[in-house]
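Structural features, examined
Each chain, letter by letter, is given below.
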Amino acid sequence: MLHSADRALSKALIAFVAIFYLSSAYAEVIDKVPNLSFIWGVAIASGVTCLVATYFRRWLLILMVFPAVWFLSLFLEIHSPDVGPALLIEAGRSYIAQVYLAAFSVITLGALGWFLNTKKRRV
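Right, let's walk through the structure included here.

Here the focus is the overall build of the protein. A count of helical and extended segments in the protein gives five helices and zero strands. Helices (α) and strands (β) of the protein occur, in sequence order from the N terminus, as α-α-α-α-α. In the protein, which comprises 123 residues, the proportion classed as buried is 26%. For the protein, the share of sequence-separated contacts (at least 6 apart) that also reach a separation of at least 24 residues comes to 79%. Just so you have it, the protein exposes about 8800 Å², and 73% of that area is on carbon and sulfur atoms.

The following block contains the structure:
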């Protein structure tokens, strides 16, 4: 058991660390979300997969469910009340705009595959 002098010293040390050290700790939000190169990699891979799959079989457009769920979870994280404002400060509007553009590119490539399949069937 600690003596009263040791106990007072340990309490003072804990208070010192809690006041001065922990207030200087800064957790960045941008480290917790995927970076843009990963987002664009997922978007291009998913988009090309959906384009090729729907070009051969239109019912394979169902493959868009997987990137849609991933992008939906990313959108929910970006627009959450605790992460969203901090992410906007750290990464800026361009990060959020590129996330939306990447998701739109997946949808566009899937729709292009559907259109090319329909055009192939008419000929």
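Across all of its chains, the model carries five aromatic pairs by this definition. Plain terms: the ring middles of Phe71 and Phe75 are 6.3 Å apart, the flat faces sit at 35° to each other, and that makes the pair tilted. In this pair, Phe71 and Phe75 both sit in helix H3 (residues 65–78), four residues apart, roughly one turn of the helix. Measuring from centroid to centroid gives 4.5 Å for Phe75 and Tyr100, while their planes differ by 15°, and the two rings are stacked. Residue Phe75 is located in helix H3, and its partner Tyr100 is located in helix H5 (residues 93–122); the two are separated by 25 residues in the primary sequence. With relative accessibility at 16%, the residue Phe75 sits in the buried group. An aromatic cluster is present here, built from Phe38, Trp70, Phe71, Phe75 and Tyr100 joined pairwise through their rings. Over the aromatic face of Trp114 sits the side chain of Arg58, whose NZ or CZ is 4.9 Å from the ring centroid. The lysine or arginine in question, Lys120, covers the ring of Tyr55, its NZ or CZ lying 4.4 Å from the ring centre.

Criteria and thresholds
Residues numbered from 1 in each chain as written. Predicted model: local features only at pLDDT ≥ 70, side-chain atom pairs only at ≥ 80, totals over all residues. Heavy atoms only, no water. Helix = DSSP H or I, 4+ residues; strand = E, 2+ residues; numbered from the N terminus. Buried < 20%, exposed > 50% of the residue type's maximum accessible area, 1.4 Å probe, protein only. Contact = heavy atoms within 4.5 Å. Areas by Shrake-Rupley, 256 points an atom, 1.4 Å probe, with all protein chains shown as cover. Phe/Tyr/Trp six-rings, centres within 6.5 Å; stacked < 30°, edge-to-face > 60°. Lys NZ or Arg CZ within 6 Å of the ring centre and 35° of its normal.

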